Amino acid sequence: MKNAVAGVGLAPDAAMVTFPVNMFLPGSDIAPLTQRRREVYDGLLKWKSEFAQPAASAKMLAVEGATYEQALVNANNLLLANLWGDGLPLWPATKERVDWILQGATVPRAHVLGKFPPRGGITTVETCAIALAMAGGRPEYLPVLVAAVDACLAAEGFDQLQATSGGPFPAVIVNGPIAKQIRLNSGFGLLGPDPQRPAGASIGRALRLLQQNVGGALPGVGTMAIFGTMRYTNAVFAEDEDNLPPEWQTHATQRHGFARGTNSVSVVFASGVTNVRRRGAKKETPEEDALNGMWRMADFMRAPNLAALAGWESGTPGIMMIAPIVARRMAELGWTQQSIRQFLWENSRIPMDQMRRAGAPAWIEIDTNPVTRDSINLDPWPVCQKPDNIVLVVAGGGHPTHSYWLQAHSPTVPGRIIRTPETFERLLTDADRDLGCGDDVCRA
Amino acid sequence: MVKLEFHDPSGVLEVTQPHAPRLTTLEGKRIGFVSNEQWQAYRMLPLLKESLEADVPGITVLPIDAFPQGNALIGEEETARQVKTSGVDAVIVGNAA
């Protein structure tokens, strides 16, 4: 509630009377409201904001320690005590570290991207750099983070996505050469840690810190995410453009119309991650392998994910991620991106009697979008208005056994072009120097 | 002693409008509800209406559906306009969760 009022420009407090959650459940005893009604009256009569207008720019904090290590511990303790941490070790955002990160900026540090909802903290490029510094990031990651933040701030209903109990998290899909340049993973283990390709973890963690610290999405207070899946680092990964089948387009081209070779982000708000064992067993032909796998993917999609109603017309029901080797084999068999989407859309439709037994029609009836409300007349009911709403991404390790379905709560799928500074090449050279080359990550 | 200085990561808040002034009394006032129609608001807000009417002489409490209801509507400018033009002295908003 404090976030909500701050987000519309009021002081971040309000006259509130709070009760334990039990009173808000069906059939509950609401007598405590009568007992405490005078508190409600006082809210109309006596309440006064205690908020003092802060300084116009981010203030500096300070800690001391007998050694550097002790000072570092004290800094982390201070960050946690102020509810600005995530439980993992943080780099304090010192002036030196933030100035270093800002070498990746293309606009002045004070450039305002917007107010981060629902709390409404003013988000500048410097604010992003502070979060990225804390998250262990590097200057060459900043352009991606800034574009992702810009996309999030433009997302329809982002304030509600931040706060809702379903706990959606941003899945940031990166296209363009910048992905490989900054060591962003598109292959094995792309949704998890990878010491050779650490960019996604830092960028996603920085985005999460911004969501929490600037946007107010503090668990149980500013976000009612009951489970909070993927909320240490969100999901930041690249499409494997090098291994797209011939004639296939990148996600950025299909969804946003960005030409191949353009650096861009695309943000889907996902609410879950599901592994799909798509490869068959025993004797099977290539055609059977492909078709059986497609059915299994469609079967996982055929669920009354009512949070996805928010994106039924214009957003997405989710991201279907298929490994490049699978995409290549399917393309050889004549499947196209369009025919894959069409198959998944047609075969993930849910018979209305199954919708009814799940109580789903009531949610459709109260949806704010008349197009979505009208969908109640469709039987079987499609999980989105049209096949193109399904986000199909080629990424993952070079192995054919699994696909991955990230179900969504995504009213829109905003995309943004990534801008890089003139000094970007030098930043990449510095990264080669600092991080080593591993198997294949250096550019030379 | 080693000193570490670092940025506050919480960003800056900008207060652009004050909270509404509080009333001096509820007696004789006209009170409305803005309901998100969730979390048992359909039971709790009528109970609050009854309480106010029983406790405060001369108060007028509008029905809970006097203004648009539901999360999608209560933040709209049109709802704010209806509240302003209704002549209420104050509104109670519920139920957040």
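To keep things clear, this report deals only with the structure shown in the data block. (Residues numbered from 1 in each chain as written. Chains lettered and ligands numbered in written order. Predicted model: local features only at pLDDT ≥ 70, side-chain atom pairs only at ≥ 80, totals over all residues. Heavy atoms only, no water.)

With respect to the nonpolar core
Residue and element names in this part refer to chain A.
At step 1: Within the largest apolar cluster, 60 residues are counted, with the highest numbers of intra-cluster contacts made by L142, L145, V174 and I182.
At step 2: For V174, the contacting residues outside a window of four places in its chain are V144, A179, L184, V236, F237, A238, E239, S264, V265 and I418.
At step 3: Of all hydrophobic cores here, the second largest spans 33 residues; its members include V276, L309, W345 and L392. (Core = buried A, V, L, I, M, F, W, Y, C linked by side-chain atoms within 4.5 Å. Buried < 20%, exposed > 50% of the residue type's maximum accessible area, 1.4 Å probe, protein only. Contact = heavy atoms within 4.5 Å.)

A closer look at the packing of aromatic side chains
Residue and element names in this part refer to chain A.
At step 1: Counted under the stated rule, the structure contains five aromatic pairs over all chains.
At step 2: Taken together, a centroid distance of 5.6 Å and an interplanar angle of 45 degrees make the contact between F158 and F269 tilted. You can see F158 sitting in helix α8 (residues 158–163) and its partner F269 sitting in strand β6 (residues 264–270), a full 111 residues away along the chain. With respect to burial, F158 and F269 carry one shared label: buried.
At step 3: Members of the aromatic cluster, each reached through a chain of ring pairs, are F116, F158 and F269.
At step 4: Seen from the ring of F19, R36 lies directly overhead, with NZ or CZ sitting 4.5 Å from the centre.
At step 5: Over the ring of W91 we find R97, and its NZ or CZ is 4.0 Å from the ring centre. (Phe/Tyr/Trp six-rings, centres within 6.5 Å; stacked < 30°, edge-to-face > 60°. Helix = DSSP H or I, 4+ residues; strand = E, 2+ residues; numbered from the N terminus. Lys NZ or Arg CZ within 6 Å of the ring centre and 35° of its normal.)

What about the environment of E241(A)?
Residue and element names in this part refer to chain A.
At step 1: Assignment of secondary structure puts E241 in the loop between β5 (235–238) and α11 (251–256).
At step 2: Relative accessible area serves as the criterion here: at 13%, E241 is assigned to the buried category.
At step 3: In this structure the C-alpha to C-alpha distance between E241 and S314, which are 73 residues apart in sequence, comes to 25 Å.
At step 4: In contact with E241, other than residues within four places in its own chain, are N175, G176, T250 and R260.

Without other data, these values stay purely geometric and don't point to any function.
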